Amino acid sequence: MFDRIFRIFLILLPWSVLASVFLGSKLAIPGVNFFKEIFLGTLIIVLVLDFWKRKIFPKLDILDYLIGSYIGYLVIVTLVNGLWLASLVYGGRYDFEFLIAFLVAKHGSGLLVGSVSQYVKIFLISASSALAIGILVRFVFHETILLHFGFSPNLSNWSFGGTPPIYHGIDGARVRRFQGIFDGPNPAAYFIIVYLGLLAHYFRTKKAYHFLVGIWSIILLGLVFLTYSRSALIGIVLGCVTLVIFSLGTIWRKYKKESIYIVLLLAVLLGLFYLRYEGTIDRIILRSGSSQGHFDRAMTGIERFQEHPMGQGLGTAGPAYRYVVKLADDPIYGGDIKASEDYYIPESWYIQQLVEWGVVAFVLFCAIIGTIAWLIFPLSPALFASFIAVLTMNLFLHSFESVYISLILFLILGVFVGKRKGK
């Protein structure tokens, strides 16, 4: 049962946004956004029952203790600051649900009858279909088709409690940012980065498919560029550089010729990019106004952390604040959405951590992420590079707020860690 539920969960997650918007907006089915928590809760129950039936206690390691301490500290800080159920539920959903998923996959790996590659394949089949549909939406049917599925016609305008717009643009530049069937261009870039890492891992030994996979990967990198997500582009560069640094010996021994081809290809692509966007690069990539807004919000977050270095509790910063703080009663902003967003959204997952949880939880989180990365590198260098890219994105965004993508990433990371040899 655990194995079947896990497989279905991996199949459904890439379709989470489209299904939730359609079922919630068009069919008015309540609570569809929480289907992920229902699946995760069911996996937890089945896993606990299995341990109970076999009368054994799970073997704990450093990651279990770190994550347990981390979550426990978040709960304590939240309660100490006088925050209760809403903060714990919504704050926990964004801040540590994906870590619970990691532990479930890690400890439930013994109940997964297939190999790691089989579960990666299941995800890739579903995700490839979702990406193909997204490409059709963007280039064949155009984004207006999403109106029939409940997406919002208010272009580039996200509203709390509403559905995602059919696409986002950029002020001063007539472009449509690619988002496919996801809830925005940045989540689309996040999804593609995770997908690329798993795609490279799955086909790493299948040389007969390397050419086709290479063409598909170039198309996907083009889609990442069309999201115009600067954090994603920086993340990809840093992830690749980190992977190269860690793998210099192997690259020099086995892939010298291929490396030269890749460098030449990148040089050509960069040249074409410069020729295509020479007159608009400042409006599309640099975006001084947007960059200044990100910087100002980050500085506000740092100031809030300095005022409360031990943390203010779950839901006091980041996306969860929208469920926790009643803006109409807010003594500072009294319902001014723009001003409240500038105050509560620091535009960085790590600054958000410092505001909500303080320096202790921040250190614990870094230790958790560092340990996972250390374990993943020898198991899958490609997934390691994707993981570094995602962590880099979180320097400038709250990428982990895309719960469905974070669950995909950490469920699969948990399977890798749980099934590793010599564990």
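See the structure shown above.
For clarity, every value in this text was computed on a predicted model and none was experimentally measured.

Rules used in this analysis
Residues numbered from 1 in each chain as written. Predicted model: local features only at pLDDT ≥ 70, side-chain atom pairs only at ≥ 80, totals over all residues. Heavy atoms only, no water. Helix = DSSP H or I, 4+ residues; strand = E, 2+ residues; numbered from the N terminus. Contact = heavy atoms within 4.5 Å. Polar contact = N/O pair within 3.5 Å; in protein donor to acceptor, adjacent residues only side chain to side chain. Buried < 20%, exposed > 50% of the residue type's maximum accessible area, 1.4 Å probe, protein only. Expected span 1.5 Å × (residues − 1). Phe/Tyr/Trp six-rings, centres within 6.5 Å; stacked < 30°, edge-to-face > 60°. Salt bridge = Lys/Arg side-chain N within 4 Å of Asp/Glu carboxyl O.

Visitor: It is not clear to me how the side chain of Ser399 should be interpreted in this structure. Could you clarify?
Guide: Tracing the backbone through its elements, the reader meets Ser399 in the loop between α18 (381-393) and α19 (403-418). Excluding residues within four positions of it along the chain, Ser399 makes contact with Tyr190, Met393, Asn394 and Ser406.

Visitor: Hey, could you run me through the environment of Gln352 in this one?
Guide: In this structure, Gln352 sits in helix α17 (residues 349-379). With 38 residues separating them in the primary sequence, Gln352 and Leu314 have C-alpha atoms 9.9 Å apart. Setting aside residues no more than four positions away along its own chain, Gln352 makes contact with Asp95, Ala317, Gly318, Pro319, Pro346 and His398. Engagement of the side chain of Gln352 in a polar contact is seen with the side chain of Asp95, the distance being 3.2 Å.

Visitor: How do you make sense of unusual backbone geometry when you look at a structure like this?
Guide: For residues other than glycine, phi is negative in most cases, and the peptide bonds are mostly trans. Of note in this structure, Ala28 is not a glycine but carries a positive phi near 55°. With respect to the helices and strands, the residue Ala28 is situated in the loop between α2 (16-26) and α3 (35-54). Here Ala28 falls in the exposed class, since its relative accessible area comes to 59%. A positive phi angle, close to 70°, is found at His142, a residue other than glycine. Tracing the backbone shows His142 in the loop between α7 (116-141) and β1 (168-170).

Visitor: Explanation requested: helix α9 (residues 210-226) in the structure shown.
Guide: Two residues of an α-helix separated by three or four positions point the same way, owing to the 3.6 residues in each turn. A rise of 1.5 Å per residue sets the reference length of α9, with its 17 residues, at 24 Å; its end C-alpha atoms lie 24 Å apart and thus fit the reference within 8%. Every buried residue of α9 is listed here: Val213, Ser217, Leu220, Leu223, Val224 and Phe225. Directly after α9, the chain includes Tyr228, whose backbone phi takes a positive value near 55°.

Visitor: Is there a simple way to think about α3 in this case?
Guide: Taking 1.5 Å per residue as the helical rise, α3 with its 20 residues ought to reach 28 Å, and the 29 Å between its terminal C-alpha atoms agrees with that figure. Those residues of α3 that are buried are in contact with α1 (2-12), α2, α5 (85-95), α6 (97-108) and α19. Immediately downstream of α3, the backbone of Lys55 shows phi near 55°, a positive value.

Visitor: Please clarify how the packing of aromatic side chains should be interpreted in this entry.
Guide: In this description, a pair of aromatic rings is defined by centroid distance and the angle of the planes. For the structure shown, the criterion picks out 28 aromatic pairs. Taken together, a centroid distance of 5.5 Å and an interplanar angle of 90° make the contact between Tyr70 and Trp357 edge-to-face. Taken as a pair, Tyr70 in helix α4 (residues 62-80) and Trp357 in helix α17 lie far apart in primary sequence, 287 residues in all. Given a relative accessible area of 0%, Tyr70 falls into the buried group. Of the residues examined, Trp357 reaches a relative accessible area of 0% and is grouped as buried.

Visitor: I keep staring at the environment of Ala188 and nothing clicks. Help me out?
Guide: One can find Ala188 in helix α8 (residues 185-202). The spacing of Ala188 and Val224 is 36 residues in sequence and 7.7 Å in space, taken between C-alpha atoms. Setting aside residues no more than four positions away along its own chain, Ala188 makes contact with Phe178, Gln179, Phe182 and Thr227.

Visitor: Which parts of the structure should I look at to understand the side chain of Thr316?
Guide: Along the polypeptide, Thr316 turns up in the loop between α14 (288-307) and α15 (321-324). Given the relative accessible area of 12%, Thr316 is considered buried. Discounting residues that sit within four places of it in the chain, Thr316 has contacts with Leu83, Arg304, Tyr344, Val355 and Glu356.

Visitor: What is the right way to read the pattern of salt bridges from this model?
Guide: It is possible for side chains bearing opposite charge to pair when their charged atoms get close. Scanning all chains against the criterion turns up 10 salt bridges. Across the salt bridge formed by Asp50 and Arg54, the nearest N and O atoms sit 2.7 Å from each other. Taken as a pair, Asp50 and Arg54 lie in helix α3 at a separation of 4 residues, close to a single helical turn. In this structure Arg54 comes out as partly exposed when scored by relative accessible area, which is 45%. For Glu341, the salt bridge is made with Arg322, and the minimal N-O distance between the two is 3.0 Å. Linking Glu341 in helix α16 (residues 337-344) with Arg322 in helix α15, this pair joins segments that are 19 residues apart in sequence. Relative accessible area serves as the criterion here: at 12%, Glu341 is assigned to the buried category. Classification of Arg322 by relative accessible area gives buried; the value is 19%. Each of Asp61, Asp64 and Lys106 takes part in a single network of salt bridges with overlapping partners.

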